[in-house]
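If you want the building blocks of each chain, they are given just below.
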Amino acid sequence: MNKFDFFHKLGVKYPLIQGGMAWISDSSLASAVSEAGGIGMLAAGSAPVEYVQQEIRKAKQLTAKPFGVNIMLLSEHVEAIARLVCAEGIKIVTTGAGSPGKYLKMWKEHGITVIPVVPSVALARRMEKEGADAVIAEGGEAGGHIGELTTMALLPQIVDAVDIPVIAAGGIGDGRGIAAAFMLGASGVQMGTRFLVAKECTVHQNYKERIIKARDIDSVVTGRSTGHPVRVLRNKLTRRFEELERAGASIEELEALGTGALRKAAKDGDVANGSVMAGQIAGLVKEEQSCSEIIEQVFSEAAERLNALSIDLIVKDNPADERD
Ligand code: TUI
């Protein structure tokens with residue numbers, strides 16, 4: 001089987017999925033990514049089913065190319081949204097923050113290509129057994145809700161453990177990252193953070209500016225103690241969270257601080273008190289570009305890097321040469 005069969009069958013130009021970003025990846029971003037040759041994803045997040053349906057219908061107006069829906073499994077509306085994607089004839093579903101096992105049969109019966117995000121080998125194996133078409137191996141460099149392992153360590157272990165295609169996510173923001181993912185055995189990549197600053201991304205301008213200004217060390221994880229680790233950019237909210245954690249606050253108090261915080265940053269532009277979810281690669285993202293510019297640039301850079309490879313990695317053949 002050709003390594004691009006999976007994406008070829010989906011009818012896209014590039015082996016790229018846009019990461020589902022709650023409150024952020026709407027019909028504007030998703031349709032622009034699809035138009036540019038990747039797979040745009042509408043994020044359902046914790047939104048009600050009516051909102052998701054409206055965004056699906058808008059996206060259908062904006063592009064005839066394939067796009068999908070990202071379903072956040074902790075949402076209280078997950079059951080209704082799981083049925084909605086079937087009713088709306090959605091062809092591609094990615095899932096996050098849990099195991100989609102109980103919906104897999106229904107989605108497969110509706111001809112949906114199901115691609116769960118997995119943070120471990122065990123879950124990747126289980127998803128393959130339950131009928132997933134591919135998995136997204138997401139390392140802890142990613143923004144938002146994350147697992148324990150890094151992309152560098154997780155990806156090759158999942159590639160070895162399953163026979164379905166593995167798509168790499170977490171810490172990929174340019175052509176070098178894409179080339180590295182292919183080196184580790186990925187069949188494609190998912191990028192989120194880089195699309196936060198896309199011209200077609202409707203996130204608040206303050207959020208975009210915070211990403212563009214971010215340095216490497218501005219990325220932190222909150223909530224390890226509550227069992228819901230979330231990667232965000234450091235701000236007043238994360239400092240408050242750390243203070244409360246040190247003071248021995250309860251899980252309920254800590255979780256309450258996070259409720260509505262993403263919406264506050266993404267929609268209201270309150271990047272001090274809101275949750276600015278972004279991956280560790282934010283420090284590399286320097287300018288606002290259209291989705292088409294981003295995608296063409298990263299894939300030409302990746303191809304250039306991969307095609308130029310002819311490295312033998314031997315510094316010196318004969319140690320005796322070193323002596324004179
Ligand atoms: O889902 C994400 N990233 C997200 S979701 C989100 S919104 C949110 N709202 C409330 C609480 C938490 C998040 C913001 N960012 N990425 C995909 C992802 N999935 N990362 C890690 C996982 C994951 C974790 C555990 C997937 C499966 C899993 O399985 C546990 C189990 O049930 O076995």
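Residues numbered from 1 in each chain as written. Predicted model: local features only at pLDDT ≥ 70, side-chain atom pairs only at ≥ 80, totals over all residues. Heavy atoms only, no water.

## Some thoughts on the packing of helix α6 (residues 121-129) against helix α7 (residues 151-161)
Working step 1: Running from N to C, α6 and α7 point in directions that differ by 35°, and their axes come no closer than 9 Å. Like other packed secondary-structure pairs, α6 and α7 cross with a definite hand, here right-handed. Taking contact as the criterion, the partners of V121, A124, R125 and E128 in α6 are, on α7, L154, Q157, I158 and A161.
Working step 2: Residue composition of the contact of α6 with α7, by class: five nonpolar, one polar and two charged. (Axes fitted to C-alpha atoms, helices over the stretch in contact; angles between N-to-C directions. Helix = DSSP H or I, 4+ residues; strand = E, 2+ residues; numbered from the N terminus. Left-handed = near helix turned anticlockwise from the far one by under 90°. Contact = heavy atoms within 4.5 Å. Nonpolar A, V, L, I, M, F, W, Y, C, P; charged D, E, K, R; others polar.)

## Remarks on the sheet that holds strand β5 (residues 113-118)
Pairing between the strands of a sheet comes from backbone hydrogen bonds, and it takes one of two forms, parallel or antiparallel.
Working step 1: If you trace the eight strands from one edge of the open sheet to the other, you get β1-β9-β8-β6-β5-β4-β3-β2, paired in parallel fashion. Looking at the sheet topology across the chains shown, the edges are occupied by β1 (16-18) and β2 (40-43). Each strand axis lies, on average, 25° off the axis of its neighbour in the sheet, ignoring direction.
Working step 2: Examined bridge by bridge, β5 and strand β6 (residues 135-138) share two bridges and lie parallel to one another. Each bridged residue has a counterpart across the sheet, and for V117 the counterpart in β6 is I136.
Working step 3: On top of the sheet, helix α5 (residues 101-109) reaches β3 (67-72), β4 (92-96) and β5; it is set at about 155° to β5, its chief contact. (Pairing = 2+ DSSP bridges.)

## Some points on the domain arrangement of the protein chain
Working step 1: As assigned here, the protein chain comprises domain 1 (11-202) and domain 2 (205-266).
Working step 2: Spacing between the C-alpha centres of domain 1 and domain 2 amounts to 23 Å.
Working step 3: Each partner contributes residues to the interface: domain 1 has 18 residues there, and domain 2 has 13 residues.
Working step 4: Broken down residue by residue, the surface that domain 1 buries against domain 2 is led by W23, I146 and V197, which jointly contribute 38%.
Working step 5: Counting across the interface, domain 1 meets domain 2 through zero salt bridges.
Working step 6: Our count for the contact surface shared by domain 1 and domain 2 stands at six residue pairs in polar contact (both at pLDDT 80 or more).
Working step 7: Taken together, the elements giving at least two residues each to the side of domain 1 that touches domain 2 come down to β7 (144-145) and α9 (193-196). (Domains from an automatic or database assignment. Buried area = accessible area lost by both parts, 1.4 Å probe. Salt bridge = Lys/Arg side-chain N within 4 Å of Asp/Glu carboxyl O. Polar contact = N/O pair within 3.5 Å; in protein donor to acceptor, adjacent residues only side chain to side chain.)

## Section: the site of the ligand
Working step 1: Neighbouring the ligand are 13 residues; A97, V117, L123, E138 and H145 lie closest to it.
Working step 2: At 2.9 Å from a nitrogen atom of the ligand is found a main-chain nitrogen or oxygen belonging to A97.
Working step 3: Between the ligand and H145, the relevant distance is 3.0 Å, taken from a nitrogen atom to a main-chain nitrogen or oxygen of the residue.
Working step 4: Notes on the ligand: free accessible area 720 Å², of which the protein chains cover 71%. (Near = heavy atom within 4 Å. Areas by Shrake-Rupley, 256 points an atom, 1.4 Å probe, with all protein chains shown as cover.)

## Description of the packing of aromatic side chains
Working step 1: Applying the stated criterion across every chain yields a total of four aromatic pairs.
Working step 2: Ring centres of F6 and F7 lie 5.3 Å apart, and the angle between their planes is 90°; this geometry places the pair in the edge-to-face category. Note on accessibility: F6 and F7 belong to one class, buried. (Phe/Tyr/Trp six-rings, centres within 6.5 Å; stacked < 30°, edge-to-face > 60°. Buried < 20%, exposed > 50% of the residue type's maximum accessible area, 1.4 Å probe, protein only.)

## Topic: the pairing of β4
Working step 1: Where burial is concerned, most of β4 is hidden: five out of the five residues are buried.
Working step 2: Both faces of β4 are covered, namely the face carrying I92, T94 and G96 and the face carrying V93 and T95.
Working step 3: By the bridge criterion, five bridges tie β3 to β4 in an arrangement that is parallel. Residue pairing for β4: G68 is matched across the bridge by I92.
Working step 4: Traced from β3 through helix α4 (residues 78-87) to β4, the parallel crossover comes out right-handed.
Working step 5: In terms of strand pairing, β4 meets β5 through four bridges, oriented parallel. Looking at β5, one finds that V93 is bridged to V114.
Working step 6: For the handedness criterion, the β-α-β arrangement of β4, α5 and β5 is classed as right-handed. (Right-handed = clockwise from strand over helix to strand, strands pointing away.)

## What to know about unusual backbone geometry
Working step 1: With a phi angle near 70°, W23 is a residue other than glycine that sits in the positive phi range.
Working step 2: Tracing the backbone through its elements, the reader meets W23 in the loop between β1 and α2 (27-35).
Working step 3: Given the relative accessible area of 33%, W23 is considered partly exposed.
Working step 4: Located in the positive-phi region is A97, a residue other than glycine, with phi close to 65°.
Working step 5: Among the secondary structure elements, A97 is positioned in the loop between β4 and α5.
Working step 6: Look at A97 and you get partly exposed, because its relative accessible area is 25%.

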